[in-house]
Amino acid sequence: MLGLVNGAFYAMLSLGLAVIFGLLDIVNFAHGALYMVGAFAAWIMLDSWGINYWFALILAPLVVGVLGVLMERLLLKRLYGLDPLYGLLLTFGLALILEGAFRRQYGVSGQSYEVPELLSGATNLGFMVLPNYRAWVIVASLVVCLGTWFVIERTRLGAYLRAGTENAKLVQAFGVNVPLMVTLTYGAGAALAGLAGVLAAPVIQVTPLMGSNLIIVVFAVVVIGGMGSILGSVITGLGLGVVEGFTRVFYPEASNIVVFVIMAIVLMLRPAGLFGKEA
């Protein structure tokens, strides 16, 4: 079950990365920091203002989404058309700034966030006792991931997004505000990271290091699934979480590297990833 919960977080974070890379061609290294900001936003709302988990589940992703919009408008938009390496370096620098600011303010010891009362306790399934909150995380992640995939792949809005990244001038000729669409897409990807942070807050300690500890694994998940493949990221995230969980049970020493071993094997056999398109 631990593996499936980790897989749910991998799926949500890799989903945001895949949306941003697939539609905007930005390697967003700040994604882990945005995940951390989402968790801290929920904790600050509860600790300072008494805003409960259910409201934070809406408000914190909105805060992170606005932060993402500001990052895109003020900084990232200046790099469009340049080598993607510039975007990677910029977002890496932004991640260090955000992490450093929260470390200075809150230290690295971590803050605890209580499980909401409605989801406390556990359910006996016969073969195992399932904590209610962990079941909620899995269900919520699946709903968000599949809903995002449906919007991008099966709706008119998603068609505009994909067309705007392929031929912006043509789409603008039809009256679509492509720059605004790009900005909102980055903001939505950032909000997904923030939502994952809120879901993670009651499961793990809220600490400035939580994003940097996870982002490398999430990038490996995206590479295995195929850069830019939204459905691939979701399926791969869930699957690798389960594999990591089984590895932790049967061979704990390898649990920290099993994802990277799989990544190396996949890249040797299929460089575009399991669900990626060959160039």
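I will try to describe carefully the structure that is included in this document. Since the structure is predicted, the reported quantities are computational estimates derived from the model, not experimental observations.

### Quick word on the overall build of the protein
Link 1 in the chain: Along the protein, the regular secondary structure elements total eleven helices and two strands.
Link 2 in the chain: Its C-alpha atoms give the protein a radius of gyration of 19 Å, within 12% of the compact-globule value 19 Å for 279 residues.
Link 3 in the chain: Expressed as lengths along the three principal axes of its C-alpha atoms, the size of the protein is roughly 60 × 50 × 35 Å.
Link 4 in the chain: Going through the 279 residues of the protein one by one, you find that 48% of them count as buried.

### Details of the pattern of salt bridges
Link 1 in the chain: Tallied over the entire structure, the rule returns three salt bridges.
Link 2 in the chain: Arg 73 is the partner of Glu 72 in a salt bridge, and the nearest nitrogen-oxygen pair spans 2.9 Å.

### Digging into the nonpolar core
Link 1 in the chain: Ranked by size, the top nonpolar core spans 83 residues in total, and within it Tyr 35 and Leu 199 carry the most contacts.
Link 2 in the chain: When residues of this core are assigned to their parent elements, the largest contribution, 14 residues, is made by helix 1 (residues 2-24).
Link 3 in the chain: Apart from residues lying up to four places away in sequence, Leu 199 is in contact with Phe 9, Met 12, Tyr 53, Leu 57, Tyr 133, Trp 136, Val 137, Ala 140 and Ser 141.

### Regarding the packing of helix 9 (residues 212-225) against helix 11 (residues 258-269)
Link 1 in the chain: Interhelical geometry of helix 9 versus helix 11 gives an angle of 30° and a closest axis separation of 9 Å. Accordingly, the angle class assigned to the pair helix 9 and helix 11 is roughly parallel. In the packing of helix 9 onto helix 11, the handedness of the crossing is left-handed. Residues Ile 216, Val 217, Ala 220, Val 223 and Ile 224 of helix 9 pack against Val 259, Phe 260, Ile 262, Met 263, Val 266 and Leu 267 of helix 11.
Link 2 in the chain: For the contact of helix 9 with helix 11, the class distribution of residues is eleven nonpolar, no polar and no charged.

### Some words on the packing of aromatic side chains
Link 1 in the chain: The final tally for this structure, using the stated rule, is twelve aromatic pairs.
Link 2 in the chain: Ring pairs connect the aromatic residues Tyr 53, Trp 54, Tyr 113, Tyr 133 and Trp 136, which therefore count as one cluster.

### A closer look at the packing of helix 3 (residues 53-74) against helix 8 (residues 178-200)
Link 1 in the chain: At their nearest, the axes of helix 3 and helix 8 sit 7 Å apart, and the two run at 140° to each other. Taken as axis vectors, helix 3 and helix 8 run oblique relative to one another. When the axes of helix 3 and helix 8 are compared, the crossing they make is right-handed. Contacts between helix 3 and helix 8 pair Tyr 53, Ala 56, Leu 57, Ala 60, Pro 61, Val 64, Gly 65, Gly 68, Val 69, Met 71, Glu 72 and Arg 73 from the former with Pro 179, Val 182, Thr 183, Tyr 186, Gly 187, Ala 190, Ala 191, Gly 194, Leu 195, Val 198 and Leu 199 from the latter.
Link 2 in the chain: Classifying every residue of the contact of helix 3 with helix 8 by side-chain character gives 16 nonpolar, five polar and two charged.

### Structural notes on the environment of Leu 74
Link 1 in the chain: With respect to the secondary-structure elements, Leu 74 resides in helix 3.
Link 2 in the chain: The exposure class assigned to Leu 74 is exposed, which follows from its relative accessible area of 53%.

### As for a nonpolar patch on the surface
Link 1 in the chain: Together, Leu 142, Leu 146, Leu 231, Ile 235, Leu 274 and Phe 275 make up a nonpolar patch on the protein surface, roughly 490 Å² of accessible area in all.
Link 2 in the chain: Those elements that provide at least two residues to the nonpolar patch are helix 5 (132-154) and helix 10 (230-250).
Link 3 in the chain: Topologically, Ile 235 is positioned in helix 10.
Link 4 in the chain: Judged by relative accessible area, which is 42%, Ile 235 ranks as partly exposed.

### A closer look at the side chain of Thr 148
Link 1 in the chain: Locating Thr 148 in the fold gives a position in helix 5.
Link 2 in the chain: With sequence-adjacent residues up to four places away left out, Thr 148 is seen in contact with Leu 15, Val 19 and Leu 192.

### Thoughts on helix 9
Link 1 in the chain: Spanning 14 residues, helix 9 covers 21 Å between terminal C-alpha atoms, matching the ideal 20 Å at 1.5 Å per step.
Link 2 in the chain: Of all the 14 residues making up helix 9, ten are buried; the element is thus mostly covered by neighbouring parts of the structure.
Link 3 in the chain: Within the span of helix 9, buried status applies to Leu 214, Ile 215, Val 217, Val 218, Phe 219, Ala 220, Val 221, Val 222, Ile 224 and Gly 225.
Link 4 in the chain: Taken from the residues just after helix 9, Gly 226 is the one with a positive phi, measuring 115°.

The rules we used
- Residues numbered from 1 in each chain as written.
- Predicted model: local features only at pLDDT ≥ 70, side-chain atom pairs only at ≥ 80, totals over all residues.
- Heavy atoms only, no water.
- Helix = DSSP H or I, 4+ residues; strand = E, 2+ residues; numbered from the N terminus.
- Rg over C-alpha atoms; globule rule 2.2 N^0.38 Å.
- Buried < 20%, exposed > 50% of the residue type's maximum accessible area, 1.4 Å probe, protein only.
- Salt bridge = Lys/Arg side-chain N within 4 Å of Asp/Glu carboxyl O.
- Core = buried A, V, L, I, M, F, W, Y, C linked by side-chain atoms within 4.5 Å.
- Contact = heavy atoms within 4.5 Å.
- Axes fitted to C-alpha atoms, helices over the stretch in contact; angles between N-to-C directions.
- Parallel < 35°, antiparallel > 145°, perpendicular 65-115°, else oblique.
- Left-handed = near helix turned anticlockwise from the far one by under 90°.
- Nonpolar A, V, L, I, M, F, W, Y, C, P; charged D, E, K, R; others polar.
- Phe/Tyr/Trp six-rings, centres within 6.5 Å; stacked < 30°, edge-to-face > 60°.
- Patch = residues over 30% accessible without salt bridge, like charges linked within 9 Å, V, L, I, M, F, W, Y side chains within 5 Å.
- Areas by Shrake-Rupley, 256 points an atom, 1.4 Å probe, with all protein chains shown as cover.
- Expected span 1.5 Å × (residues − 1).

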